[in-house]
Amino acid sequence: MKRLLSKYGVLVAFIVLFVVSAAWKGDIFLKPESLRNIVNQNVAVGVLAIGMTFVIITGGIDLAVGSLVAFVGAVGLLLMTK
């Protein structure tokens, strides 16, 4: 059981939280608009997490995500104004 939870613990926790939320506030939580809103609010964190996963897997452990986000935001702002 301990080995199973160490391998799939995050997935189990996600499923438990989803089921509890659906049972508690199912009439609101399970609406497509609500689920879409949750995904839209967390997409930036998800993209950063995927990028950092690739960096860590390749061995270039760089945890300076905040500075990179600020830099890319500034570059994007400069490109949008030109």
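Refer to the structure above for everything that follows.
Attention in this report is confined to the structure presented alongside it. Here the residue numbers are simple positions, counted from 1 along each chain's written sequence. In keeping with the predicted nature of the model, local features appear solely for residues at pLDDT of at least 70, side-chain atom pairs appear and are counted solely at 80 or more, and the whole-chain, interface and lining totals rest on all residues. Water and hydrogen atoms play no part in the side-chain values, which are based on all heavy atoms of the structure.

Side note on the overall build of the protein
Of the regular secondary structure elements, the protein holds 4 helices and 0 strands. Each helix is a run of H or I in the DSSP string that is no shorter than four residues. Each strand is a run of E no shorter than two, and both are numbered from the N terminus. Moving toward the C terminus, one meets the helices and strands of the protein in the order α-α-α-α. The C-alpha atoms of the protein give 18 Å as radius of gyration, which overshoots the globular expectation for 82 residues (12 Å, by more than 25%). Across its three principal directions, the C-alpha atoms of the protein cover 50 × 35 × 15 Å. Accessible area is worked out with a 1.4 Å probe on protein chains only. A residue is then buried under 20% of its type maximum, exposed over 50%, and partly exposed in between. Here the protein holds 82 residues, and the buried ones make up 4% of them. Counting every atom, the protein has about 7,200 Å² of accessible surface; 75% of that belongs to carbon and sulfur. Radius of gyration means the value over C-alpha atoms here, while the globule rule gives 2.2 Å times the residue count to the 0.38 power. Reported accessibility uses the Shrake-Rupley method at a 1.4 Å probe radius. Residues are deemed covered only where the shown protein chains occlude them.

Considering the packing of aromatic side chains
Here a pair means two rings of Phe, Tyr or Trp (six-membered ring of Trp) with centres within 6.5 Å. Their orientation is stacked below 30 degrees between planes, edge-to-face above 60, and tilted elsewhere. In total, this model carries 1 aromatic pair according to the counting rule given. A ring has a charge above it when a Lys NZ or an Arg CZ is no more than 6 Å from the ring centre and no more than 35 degrees off the ring normal. Its guanidinium or amino end placed over the ring of Trp 24, Lys 25 lies 5.7 Å from that ring's centre, counting from NZ or CZ.

Remarks on the environment of Ala 74
Considering the arrangement of structural elements, one finds Ala 74 in helix α4 (residues 65–81). Its relative accessible area of 39% is what places Ala 74 among the partly exposed residues. Spatially, the C-alpha atoms of Ala 74 and Gly 60 are 24 Å apart, while their sequence positions differ by 14 residues.

Limitation: the analysis is restricted to geometry and does not speak to function.
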